[in-house]
Amino acid sequence: MAHEITVHVQRKDSPDGGTYRQTFHVAYEPGMNITTVLQRISGHPVTTEGENVTPVAYDACCLEEVCGACTMRINGRVRQACSALVDNLLKEEPEITLEPMTKFPVIRDLLVDRSRLFKALTRVKAWVPVDGYWDRGPGPLTSPAAQEEAYPLSRCMSCGCCMEACPQYNDKEDFIGPHAVSQAILFNTIPAGQAIARDRLDALSGPGGIASCGNAQNCVKVCPKDIPLTDSIAKAGRATTLHTIKRWLGR
Ligand code: SF4
Ligand code: SF4
Ligand code: FES
């Protein structure tokens, strides 16, 4: 195993600045992940040319692939820095390349602004509505079948991988994205979420909703949580069709 890893980083000093690349050598440590590599670069931000530079900006929070904050393109593939192990990456490529996601505005270096992703969740009301926080006893029971259906969808960590891979998710379209479609289906599946199921179907039927999905199915291939996004998209298509017919019939 190499004693030193070569890491190429795409950098940008400000949202409006130009992009450029810098290369760093980092001492190999057994079991290290990309977040550790970035920490080591921050501790000694000197390029392979010997130039002292500013530490690379990146995001991280949970360090166990649950918050999605550290999502970036690593060797050209979108994934989480905290769960990307250097040993595995070196089997793919002899050197490591780190770039920010392309579908979100870059704030600085590898740090992106994922606001659009979270706004989409508010558009589909991806929550259980409450009218107070006092004890109202147990909520509605969920059947084992509904639990089986809902659990895989509940693993979404809003990382952005599916949006990065989706050709319909771009600056020109107002598509909410596959994650938001799937979260709308999740909250319409569980009994506690059904009070505002129609609002979610309105959002899915409206501009930027399910009709914007081109069914390229790239999203499902990159989801780190193996969420059956294309099943959710198919369910959303059927549910919105039924919803539209019911509205025509005035129900
Ligand atoms: S199926 Fe294709 S177009 Fe639809 S959300 Fe997934 S990647 Fe995007
Ligand atoms: S659906 Fe998967 S890829 Fe998309 S945001 Fe959720 S966890 Fe990430
Ligand atoms: S730091 Fe939370 S997913 Fe990587």
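Located above this text is the structure these notes cover.
Residues numbered from 1 in each chain as written. Chains lettered and ligands numbered in written order. Predicted model: local features only at pLDDT ≥ 70, side-chain atom pairs only at ≥ 80, totals over all residues. Heavy atoms only, no water.

Peer 1: Describe in detail empty space enclosed by the protein, supporting the description with residues and values.
Peer 2: Going through the model one piece at a time under the given rule, you end up with two cavities of 30 Å³ or more. For the largest cavity, the calculated volume is near 90 Å³. Cys 166, Cys 213, Ala 216, Gln 217 and Cys 219 are, among the 14 residues lining the largest cavity, the residues nearest its centre. Only helix H8 (218–222) and helix H9 (229–248) provide two or more residues apiece to the lining of the largest cavity. Split into classes, the residues belonging to the lining of the largest cavity amount to eight nonpolar, six polar and no charged. By volume, the second largest cavity amounts to about 80 Å³. Of the residues forming the lining of the second largest cavity, the biggest block, three residues, is contributed by helix H5 (residues 161–165). Among the residues making up the lining of the second largest cavity, the classes are represented as 10 nonpolar, three polar and one charged. (1 Å grid on protein atoms, 1.4 Å probe; cavity = no way out; pocket = protein on both sides within 12 Å on 5 of 7 lines; lining within 4 Å. Points joined across faces, edges and corners; volume = space filled by probe spheres on them. Helix = DSSP H or I, 4+ residues; strand = E, 2+ residues; numbered from the N terminus. Nonpolar A, V, L, I, M, F, W, Y, C, P; charged D, E, K, R; others polar.)

Peer 1: So what's going on with the pairing of strand S4 (residues 77–80)? Which residues, and what values?
Peer 2: As paired elements, strand S3 (residues 71–74) and S4 share four bridges and run antiparallel to each other. The partner of Met 72 across the bridge, within S4, is Arg 79. (Pairing = 2+ DSSP bridges.)

Peer 1: Pulling in residues and values, what's your account of the pattern of salt bridges?
Peer 2: Enumeration over the complete set of coordinates arrives at 13 salt bridges. Across the pair Arg 136 and Asp 131 runs a salt bridge, and its minimum N-O distance is 2.9 Å. Taking relative accessible area as the criterion, Asp 131 reaches 54% and is therefore assigned exposed. Here Lys 235 makes a salt bridge to Glu 149, at a shortest N to O gap of 3.1 Å. Of this pair, Lys 235 sits in helix H9 while Glu 149 is found in helix H4 (residues 144–154), placing the two residues 86 residues apart along the sequence. We classify Lys 235 as partly exposed; its relative accessible area is 26%. Salt bridges linked by common partners bring Arg 21, Arg 73, Glu 99 and Glu 164 together as one network. (Salt bridge = Lys/Arg side-chain N within 4 Å of Asp/Glu carboxyl O. Buried < 20%, exposed > 50% of the residue type's maximum accessible area, 1.4 Å probe, protein only.)

Peer 1: I'd love a proper account of the site of ligand 2, names of residues and values included.
Peer 2: As a matter of local geometry, ligand 2 sits amid 13 residues, with Cys 156, Met 157, Cys 159, Cys 162 and Cys 223 nearest to it. Mapping ligand 2 onto the cavity grids shows that it belongs to the second largest cavity. Of all the elements, H5 adds the most residues to the shell around ligand 2, at three residues. Grouping the amino acids of the shell around ligand 2 by side-chain chemistry returns 10 nonpolar, three polar and no charged. (Near = heavy atom within 4 Å. Sits in = over half its atoms within 2 Å of the grid points.)

Peer 1: Hey, could you go over the side chain of Asn 33 for me, with residue numbers and the actual values?
Peer 2: Inspection of the secondary structure puts Asn 33 in the loop between strand S2 (19–27) and helix H1 (34–43). With relative accessibility at 14%, the residue Asn 33 sits in the buried group. At 3.2 Å, the side chain of Asn 33 forms a polar contact with the backbone nitrogen of Thr 35. At 2.6 Å, the side chain of Asn 33 forms a polar contact with the side chain of Thr 36. Among residues more than four places away in sequence, those in contact with Asn 33 are Ala 81, Cys 82, Ala 84, Leu 85 and Val 86. (Polar contact = N/O pair within 3.5 Å; in protein donor to acceptor, adjacent residues only side chain to side chain. Contact = heavy atoms within 4.5 Å.)

Peer 1: Explain the packing of aromatic side chains residue by residue, including any values.
Peer 2: Between two aromatic rings, the relevant description is the distance of the centres plus the angle of the planes. Summed over the entire model, instances satisfying the criterion amount to one aromatic pair. For the ring pair Phe 104 and Tyr 169, a centre distance of 6.0 Å and an interplane angle of 55 degrees mean the geometry is tilted. In this pair, Phe 104 is assigned in the loop between strand S5 (96–99) and strand S6 (106–108) and Tyr 169 in the loop between H5 and helix H6 (178–189), connecting sequence segments 65 residues apart. Across the pair, exposure class does not vary: Phe 104 and Tyr 169 are buried alike. (Phe/Tyr/Trp six-rings, centres within 6.5 Å; stacked < 30°, edge-to-face > 60°.)

Peer 1: Give a detailed account of H6, specifying residues and quantitative values.
Peer 2: The end-to-end C-alpha distance of H6, which contains 12 residues, comes to 17 Å, matching closely the 16 Å that a straight helix rising 1.5 Å per residue would cover. Most of H6 sits out of view: 12 of its 12 residues are buried. Listing the buried residues of H6 in full gives Pro 178, His 179, Ala 180, Val 181, Ser 182, Gln 183, Ala 184, Ile 185, Leu 186, Phe 187, Asn 188 and Thr 189. Among the structural elements, helix H3 (115–123), H4, H5, helix H7 (197–205), H8 and H9 are those in contact with the buried residues of H6. (Expected span 1.5 Å × (residues − 1).)

Peer 1: Report on unusual backbone geometry, specifying residues and quantitative values.
Peer 2: In this structure, Glu 65 is a non-glycine residue whose phi angle is positive, near 55 degrees. Within the secondary structure, Glu 65 sits in the loop between H1 and S3. What makes Glu 65 buried here is its relative accessible area of 18%. One non-glycine residue, Asn 215, lies in positive phi territory at about 60 degrees. With respect to the helices and strands, Asn 215 occurs in the loop between H7 and H8. Using a relative accessible area of 47% as the deciding quantity, one classes Asn 215 as partly exposed.

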